[in-house]
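Descriptive analysis of the structure
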Amino acid sequence: MTDQSILITGASAGLGAALAHALAAQGAQLTLMARRADRLAQVVSACEQVGGKAQAIEGDVTRAEDGVRLTRAAIDAYGRVDGLIANAGLSMWARFDEVKDLSVFRQLMEVNYLGAVHCLHPALPHLKKSGGMFVAVSSIQGRIGVPHHTGYVASKHALQGFCDALRMEVEQEGVGVLSVLLHWLRGTELREHAFGADGQKIGASRRKHSSESIGLEEASECIIDAMARREREIVLPWKLKALLGVNVVRPKWAEALIRRAVGKQARD
Ligand SMILES: NC(=O)c1ccc[n+]([C@@H]2O[C@H](COP(=O)([O-])OP(=O)(O)OC[C@H]3O[C@@H](n4cnc5c(N)ncnc54)[C@H](OP(=O)(O)O)[C@@H]3O)[C@@H](O)[C@H]2O)c1
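Summarised in this report is the structure supplied together with it. (Residues numbered from 1 in each chain as written. Predicted model: local features only at pLDDT ≥ 70, side-chain atom pairs only at ≥ 80, totals over all residues. Heavy atoms only, no water.)

1. What about the packing of aromatic side chains?
In total, this model carries 2 aromatic pairs according to the counting rule given. When the ring of Phe-96 is compared with that of Phe-105, the centres are 5.5 Å apart and the planes differ by 85°; the resulting orientation is edge-to-face. Residue classification places Phe-105 among the partly exposed residues on the basis of a relative accessible area of 21%. Directly above the ring of Trp-184 sits Arg-191, whose terminal nitrogen or CZ lies 5.3 Å from the centroid. When the ring centre of Trp-253 is taken as origin, the NZ or CZ atom of Arg-250, which lies over that ring, is 5.2 Å away. (Phe/Tyr/Trp six-rings, centres within 6.5 Å; stacked < 30°, edge-to-face > 60°. Buried < 20%, exposed > 50% of the residue type's maximum accessible area, 1.4 Å probe, protein only. Lys NZ or Arg CZ within 6 Å of the ring centre and 35° of its normal.)

Right under this line is the structure:
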């Protein structure tokens, strides 16, 4: 990744910050976007400490003009774009019939799906020039349903469908499209910031992470490795591929497994 110019959205926390740090340590030139400028500045300084170059762009992926600013900043500073990691995301934790504020569904779609579209559109001509990679940080929930997450699942399915169609359009022009299907990550703010039934953040929770959850460093390493190998899709942890297989052959079995896992989390 030395001297590769990479854009990362949602880089002020969690996986985005971890990816920035890992890419900086490999000598990448980073352009990082999120809404919280103070947190982004801390990530930039951590990137510089490990020898990378990084610049912060305060912005909101739900605004198409901020996507344009993101690419423009990378071109102005580094003259090229070799990769875009669309990572910014929000989640929810509420049954559909308990949701009182339906704007939750619009907000999830705007951040998780349209946010990626807004940032990719201006970056794509530059990715074509560099033969670069578009990385969509999706979720296993982009392929299967999970209770309490209807709006999140819908937004990640939209992102997944977008990637599957886009890949066929741009692969011939040398642009790689990688979807990252993640399970639970440890050490992120996603759950704390998830929308509850009233449309407010659910806040700190005592729910434990499942034993299948993976750490940020491991997830970042796997994603960077998949970028370097120009893979089209990765599932983390890889053994979750079995669940996708069961879902195709015996969807009711998959539903029973998912219900049990989520039910346990809801009780904890
Ligand atoms: N954590 C998990 O278990 C898990 C599992 C599967 C998939 N994922 C996916 O992994 C990605 C990263 O999530 P995470 O777990 O690292 O969560 P996180 O710690 O909450 O980080 C989310 C990031 O997205 C940014 N963001 C949110 N809304 C934004 C907006 N409108 N514009 C720009 N940036 C915005 C946040 O920054 P600001 O608030 O500063 O804007 C933050 O930097 C998400 O796409 C998520 O769906 C996570």
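2. What to know about the side chain of Ser-5
With respect to the helices, strands and loops of the structure, Ser-5 is situated in strand β1 (residues 5-9). Reaching out from Ser-5, the side chain makes a polar contact with the backbone oxygen of Arg-80 at a distance of 2.6 Å. Residues within four places of Ser-5 in sequence aside, it is in contact with Gln-29, Ala-74, Tyr-78, Arg-80, Val-81, Asp-82 and Gly-83. (Helix = DSSP H or I, 4+ residues; strand = E, 2+ residues; numbered from the N terminus. Polar contact = N/O pair within 3.5 Å; in protein donor to acceptor, adjacent residues only side chain to side chain. Contact = heavy atoms within 4.5 Å.)

3. Considerations on the site of the ligand
Around the ligand, a shell composed of 29 residues is seen, among which Ser-12, Leu-15, Arg-35, Tyr-152 and Leu-185 lie nearest. Between the ligand and Arg-36, the relevant distance is 2.8 Å, taken from an oxygen atom to a side-chain nitrogen or oxygen of the residue. A distance of 2.9 Å separates an oxygen atom of the ligand from a polar side-chain atom of Thr-188. Against a free-state accessible area of 880 Å², the protein chains account for coverage of 97% of the ligand. Contributions of two or more residues to the shell around the ligand are made by α1 (14-25) and α5 (150-170). Residues belonging to the shell around the ligand are distributed by class as follows: 13 nonpolar, 11 polar and 5 charged. (Near = heavy atom within 4 Å. Areas by Shrake-Rupley, 256 points an atom, 1.4 Å probe, with all protein chains shown as cover. Nonpolar A, V, L, I, M, F, W, Y, C, P; charged D, E, K, R; others polar.)

4. Details of the packing of helix α3 (residues 64-78) against helix α4 (residues 103-130)
As a packed pair, α3 and α4 sit with axes 7 Å apart at the nearest point and diverge in direction by 35°. Between α3 and α4 lies a crossing of right-handed hand. Side by side, α3 and α4 meet where Ala-64, Gly-67, Val-68, Leu-70, Thr-71 and Ile-75 of the first sit next to His-118, Cys-119, Pro-122, Ala-123 and His-126 of the second. Classifying every residue of the contact of α3 with α4 gives 7 nonpolar, 4 polar and no charged. (Axes fitted to C-alpha atoms, helices over the stretch in contact; angles between N-to-C directions. Left-handed = near helix turned anticlockwise from the far one by under 90°.)

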